[in-house]
Amino acid sequence: MAMKSLSFLALLSLLAITLPLAIASDPSPLQDFCVGVNTPADGVFVNGKFCKDPKLATADDFFFSGLHNARPVNNAVRSNVTAVNVNNLPGLNTLGISIVRIDYGIGGQNPPHTHPRATEILVVGEGTLLVGFVTSNPDNRLITKTLNAGDVFVFPQGLIHFQANIGKSPAVAFAALSSQNPGAITIANTVFGSNPAINPSILARAFQLDPRIVVDLQGKFKK
């Protein structure tokens, strides 16, 4: 009897640990929509936003224009990500989806990064991209593919991934993400551009670098 009770308690403990992981992504909506607003007047706070009274919702709450326009890529990585998420399309609130347009100059890249809250599915509109992601520890296996216009590739949630324009002309891609606000952690910017800065000796040991190189890198990524 004692053994059965112990097994039951062990099962409850396991469920308590794993249940939050199972519901870590955006929750399923409990109503038709919840247009996000930033003020509590006549609203209910749901998933990071207040809900507008559904009777006051209009078509503009579910509309965004401009993804057909190319964006400038005159920056260090020669790319530009235009995100459409709950912050500029309030009708996405609680719907668990968003979209981005990515413009790549010649030689441009969307550098290694992760989305902590979303899986990403990307389709190439123009150009040729080298894309890939790295599996988690301990294997850290690189899975990579060259994509052309019309090709589709999936980046699993939370894994480090990238895209690079390896063609001879600018490229553009569109990606859907399984969160209204997927977040983005660009590895180099986060590690070397944190505020305040991570102690250089810690990064020097982690990356097996001379501390002076770390300080130089922190200077490049300092905001």
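Residues numbered from 1 in each chain as written. Predicted model: local features only at pLDDT ≥ 70, side-chain atom pairs only at ≥ 80, totals over all residues. Heavy atoms only, no water.

### Thoughts on a nonpolar patch on the surface
Thought 1: Together, Ile121, Val123, Val152 and Val154 give the surface a local cluster of nonpolar side chains, amounting to about 290 Å² of exposed area.
Thought 2: Secondary-structure assignment places Ile121 in strand β7 (residues 120-126).
Thought 3: With a relative accessible area of 41%, Ile121 lands in the partly exposed category. (Patch = residues over 30% accessible without salt bridge, like charges linked within 9 Å, V, L, I, M, F, W, Y side chains within 5 Å. Areas by Shrake-Rupley, 256 points an atom, 1.4 Å probe, with all protein chains shown as cover. Salt bridge = Lys/Arg side-chain N within 4 Å of Asp/Glu carboxyl O. Helix = DSSP H or I, 4+ residues; strand = E, 2+ residues; numbered from the N terminus. Buried < 20%, exposed > 50% of the residue type's maximum accessible area, 1.4 Å probe, protein only.)

### Points about the side chain of His113
Thought 1: With respect to the element layout, His113 can be found in strand β6 (residues 109-114).
Thought 2: What makes His113 buried here is its relative accessible area of 3%.
Thought 3: At a separation of 2.7 Å, a polar atom in the side chain of His113 contacts the main-chain carbonyl oxygen of Pro111.
Thought 4: Those residues in contact with His113 that lie beyond four places of it in its chain are Glu120, Leu159, Ile160, His161, Gln163, Ile185, Thr186 and Ile187. (Polar contact = N/O pair within 3.5 Å; in protein donor to acceptor, adjacent residues only side chain to side chain. Contact = heavy atoms within 4.5 Å.)

### Comments concerning the sheet that holds strand β8 (residues 129-134)
Thought 1: One open sheet holds the 5 strands; their spatial order is β9-β8-β11-β6-β13, and the pairing between them is antiparallel. Across the chains shown, the open sheet's two edge strands, defined by having one partner strand only, are β9 (142-147) and β13 (185-186).
Thought 2: Two elements, β8 and strand β11 (residues 161-165), share 5 bridges in a ladder whose sense is antiparallel. Within β11, the position partnered with Leu130 by the bridge is Ala164. (Pairing = 2+ DSSP bridges.)

### Some thoughts on the sheet that holds strand β12 (residues 171-177)
Thought 1: Pairing is antiparallel across the open sheet formed by 5 strands, whose spatial order is β4-β5-β12-β7-β10. Since the sheet does not close on itself, it has two edges, and those belong to β4 (79-84) and β10 (152-155), each with one partner. Strand-to-strand twist across the sheet, computed as the mean angle between neighbouring axes with direction ignored, equals 20°.
Thought 2: By the bridge criterion, 4 bridges tie β7 to β10 in an arrangement that is antiparallel. (Axes fitted to C-alpha atoms, helices over the stretch in contact; angles between N-to-C directions.)

### So, the pattern of salt bridges
Thought 1: Under the counting rule described, the total for this entry stands at 3 salt bridges.
Thought 2: In this structure, the salt-bridge partner of Asp103 is Arg101, at a minimum N-O distance of 2.8 Å.
Thought 3: Residue class for Asp103 comes out buried when judged on its relative accessible area of 5%.
Thought 4: Across the pair Asp210 and Arg212 runs a salt bridge, and its minimum N-O distance is 2.9 Å.

### Structural notes on the layout of surface pockets
Thought 1: Considering only enclosed or pocket space, the largest pocket measures out at about 550 Å³ in volume.
Thought 2: Lining the largest pocket are 25 residues, with Val81, Asn110, Pro111, Ala184 and Thr186 sitting closest to its centre.
Thought 3: Put simply, the parts of the chain that give the lining of the largest pocket at least two residues each are β4, β5 (98-104), β6 and α2 (187-192).
Thought 4: For the lining of the largest pocket, the residue count by class is 14 nonpolar, 10 polar and 1 charged. (1 Å grid on protein atoms, 1.4 Å probe; cavity = no way out; pocket = protein on both sides within 12 Å on 5 of 7 lines; lining within 4 Å. Points joined across faces, edges and corners; volume = space filled by probe spheres on them. Nonpolar A, V, L, I, M, F, W, Y, C, P; charged D, E, K, R; others polar.)

### Observations regarding the pairing of β12
Thought 1: Along β12, 5 of the 7 residues are buried, which leaves the element largely enclosed by surrounding structure.
Thought 2: Two strands pair when backbone bridges link them, and β5 and β12 are joined in this way by 7 bridges, in the antiparallel orientation. Counterpart to Tyr104 in the pairing with β12 is Ala171.
Thought 3: Across 6 bridges, the pairing between β7 and β12 is antiparallel. The residue of β12 that forms the bridge with Leu122 is Ala175.

### With respect to the packing of aromatic side chains
Thought 1: Within this structure, the stated rule accounts for 4 aromatic pairs.
Thought 2: Here Phe192 and Phe207 contribute two aromatic rings whose centre-to-centre distance is 5.4 Å and whose plane-to-plane angle is 40°, an arrangement assigned as tilted. Remark: Phe207 occurs in helix α3 (residues 200-207) and Phe192 occurs in helix α2; sequence separation between them is 15 residues.
Thought 3: On the basis of relative accessibility, which here comes to 10%, the residue Phe192 falls in the buried class.
Thought 4: What makes Phe207 partly exposed here is its relative accessible area of 41%.
Thought 5: Linked through ring pairs, Phe133, Phe153 and Phe155 together constitute an aromatic cluster. (Phe/Tyr/Trp six-rings, centres within 6.5 Å; stacked < 30°, edge-to-face > 60°.)

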